[in-house]
Every structure is written in C-alpha cells, then in structure tokens.
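Per-entry structural report
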Amino acid sequence: MAIADRRTLTTTHPGDTPAGRPRTTTPVALGLGLAVLATLVWSGSFVTSRALGDSVPPVQHAFWRWVVALAVVAPFGARRAWRQRALIRRHLGFVLLASLLGVTVYNTLVNQAGVTTPAANMGMIMAASPVLMAVFERASGVRLGARRIAGLLIACTGVLLLVGGGASFSAGDLWMIAAACSFGSYSALLRRRPAGLDGSAFLFTTFLAGTVMLLPAQGVSLAVQGGFTPTAGTVLPLLYVGVASSAVAFFAWNRAISLIGAARAGVVYYLQPVCVALLSWLLLAEPTGWAQAGCMALILGGVVLGAGARR
C-alpha cells in the first residue's frame, strides 16, 4: 500500500548471468498481481452488500466493516502511525480526504446501492471508475500510451454493452455511479501520497479517520432504523468485508497503484464486473446469459491489452 520504494526487486540464483549478477524482477508483475488480488476480493464484497441489503442497514454495514478492519490493521499500523505522527499532521488534509473518499463515503454508497440493485449491476457500474482514474492520471501529465487507451476503450465498451443489454436502471444504480466516482477519485489521489509515509501507518490512519467520520451517521441510523440481529448470516459476511475486503484488499490495491499507477491498475479493475457476475450467479442465483458472456470476453480482452507495457 505504501508509496513504495521504486527500486527494482531482485532475487539471486547461482548461474543467473556469467558475471553472477542477480536476475532483475520488474515491479510491474507484482503490481498487476496485487491489483488482481484486490479486484477479486472486492468482487465478493459486492455480493455481500447485496446479500445484507435486507438485514443490515447500509451505514451500520459500513461502520462495523471498518471497526473490524481497524482491529486487524492496528497491531501492524498503530505503532508506526504514532512514530510518523509529525508527518501525518503535516499532510492531514490529504489523509482526511483519502479517508473520506475511500472509507467513509465509498463503501457506504455501495451498501446503499445493494438495497435495490443486483450485485451484477453493481460490479458493471463500478467498472466505470477506471475511466476516471485514467483521466486524473492524464491530467497530471502521465502518458497513457496507445495500447493502454485501446485496452481501456475495449473494456469500457464491454461494460457499456453489458449494462445496456438488459440491466434495469434503478435508484441503486445512481448510488453506484456516485460510489464509482468516489473510488476513482480515491485511487487517483493515492499517487500524491507523501513520500516516506509507511503503508500500514497510512492504512491505520485512514481507517481510523474514516470510521470516526462515520460515527454521526451510525448514531442516526441506530436511532431511526434500529440495530440488526447478530447471526452467522450477518456476522460472517461482516468479518469477510472487514478482514479481506478492507484490510487485505486496500493494502494490495494501494501498493499496486504505487508500483504501476492508477491507470494501469484501473484497467485490471475491469475484471470486477466479470467476477461479480459469476459470483452473483453462483451464490445469489442472479441470471447470466450468453450476451453477458460475450461482453465479459470483451472486458477480459481489454484488460489483457491495456495492462501490458505502455506503448
């Protein structure tokens, strides 16, 4: 997650070169792998948001998700955050904005969308966020390259065909559009993270600040909607989104962006509607047809093309 040391990773094996020099391993492969990991894990969280839509109020879903994530990250990040408190204070505006976009707002909007929108639709709409990531990167002077742009356009076409081929538009889709904008902005913002700010310290600080910012909405939700009944069907999904979708996936995604940039990671993110559609079909019995399969193939092709080297 941290803005990583961009030095090339190396591993040494006997006989790698005649001079015995270590073999160079590019960080691009690691970055792409971490982006894929985060995307796969987050796909499950969309299914979870849909599954809990009728039993756990959206704000309470988000609040307890981040409480669990905080508990997971605290043993690694709290001490480092304390050591870097002067650096965090100097960049408090950045930290609070990242917390608001990535923690407080994004997942709350996703959970709200899950009340009325099928999980497959949620994944499709979220696939629009890489477009915003690419726009932000281009605006900051990063050259995307023809291959990256072509892959992005092909994948985006697949998403548009997927949505336009039979998805019924609802109020929840509007919540998801807002969530996509929030996540795209958060991902683009990560490129401006202060140098030297440790990854686990940044995770802990943003999780803590985002959870605190959720407290007023949590109080209103409890007063107006009441609490939810803790059962295996509510607690286990919350543990999944707290541990896997929050602590693990956010670490992997932020680290991936530090290695390969938001635009390239965003192209990988187009895998999400494919994964969500498959998971919602398997776990929630949401329908998937041949037209959707064709669009998913287009998305995958765009991902493969756009995730490669910049040309």
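Residues numbered from 1 in each chain as written. Predicted model: local features only at pLDDT ≥ 70, side-chain atom pairs only at ≥ 80, totals over all residues. Heavy atoms only, no water.

Let's shift gears to the confidence of the model for the protein. Note: predicted coordinates in regions of low pLDDT should not be interpreted at a detailed level. A residue-level look at the protein finds 73% of positions with pLDDT of 70 or above and a mean pLDDT of 78. When pLDDT is averaged over each element of the protein, helix α3 (residues 85–90) comes out on top at 95 and strand β1 (residues 9–11) at the bottom at 38. A low-confidence stretch, residues 1–24 stays under pLDDT 50, and its non-local contacts, those more than four residues away or across chains, total 40 contacts. (pLDDT = per-residue confidence, 0-100. Helix = DSSP H or I, 4+ residues; strand = E, 2+ residues; numbered from the N terminus. Contact = heavy atoms within 4.5 Å.)

This part takes up the packing of helix α4 (residues 92–113) against helix α9 (residues 199–225). Relative orientation of the contacting elements α4 and α9 amounts to 60°, with a least axis distance of 8 Å. Considering their axes alone, α4 and α9 lie oblique with respect to each other. Handedness of the crossing formed by α4 with α9: right-handed. When α4 is examined against α9, the residues F94, V95, L96, A98, S99, L100, V103, T104 and T108 are found in contact with a partner set consisting of F202, T205, T206, F207, A209, G210, T211, M213 and L214. When the residues that make up the contact of α4 with α9 are grouped by side-chain class, the tally is 11 nonpolar, seven polar and no charged. (Axes fitted to C-alpha atoms, helices over the stretch in contact; angles between N-to-C directions. Parallel < 35°, antiparallel > 145°, perpendicular 65-115°, else oblique. Left-handed = near helix turned anticlockwise from the far one by under 90°. Nonpolar A, V, L, I, M, F, W, Y, C, P; charged D, E, K, R; others polar.)

Moving on to the environment of F207. The topology assignment puts F207 in helix α9. Given a relative accessible area of 0%, F207 falls into the buried group. Considered as a pair, F207 and A69 are 138 residues apart in the sequence and their alpha carbons are 7.4 Å apart. (Buried < 20%, exposed > 50% of the residue type's maximum accessible area, 1.4 Å probe, protein only.)

Moving on: a nonpolar patch on the surface. A cluster of nonpolar side chains, contributed by L92, L96, L97, L100 and M213, occupies part of the molecular surface with about 370 Å² of accessible area. The leading source of residues in the nonpolar patch is α4, at four residues. Tracing the chain through its elements places L92 in helix α4. (Patch = residues over 30% accessible without salt bridge, like charges linked within 9 Å, V, L, I, M, F, W, Y side chains within 5 Å. Areas by Shrake-Rupley, 256 points an atom, 1.4 Å probe, with all protein chains shown as cover. Salt bridge = Lys/Arg side-chain N within 4 Å of Asp/Glu carboxyl O.)

Summed over all chains, the structure comprises one salt bridge. We note a salt bridge from R80 to D198, for which the minimum N-O separation is 3.5 Å. One end of the pair, R80, is in helix α2 (residues 58–83); the other, D198, is in the loop between α8 (171–189) and α9, with 118 residues separating them in the sequence. The exposure class assigned to R80 is partly exposed, which follows from its relative accessible area of 41%.

On to the nonpolar core, then. Counting residues in each nonpolar core, the largest one holds 61 residues, and the members touching the most others are F46, M126, M176, F183, F207 and W253. No other element matches helix α10 (residues 232–260), which puts 10 residues into this core. Residues contacting F46, with those up to four places away along its chain left out, are Y106, V110, A119, M122, M126, M176, Y269, Q272 and V276. Core analysis: the second largest hydrophobic core is formed by five residues, V56, F228, L238 and V241 among them. (Core = buried A, V, L, I, M, F, W, Y, C linked by side-chain atoms within 4.5 Å.)

In this section: the environment of L279. Tracing the sequence through the fold places L279 in helix α12 (residues 271–283). Taking relative accessible area as the criterion, L279 reaches 26% and is therefore assigned partly exposed. Through-space distance from the C-alpha of L279 to that of V47 is 7.1 Å; in sequence the pair is 232 residues apart.

At their nearest, the axes of α9 and α10 sit 11 Å apart, and the two run at 125° to each other. In terms of orientation, α9 lies oblique with respect to α10. Crossing geometry of α9 relative to α10 is assigned as right-handed. Contacts between α9 and α10 involve F202, L203 and F207 from the former and S246, A247, F250, F251 and N254 from the latter. Its residues assigned to classes, the contact of α9 with α10 shows six nonpolar, two polar and no charged.

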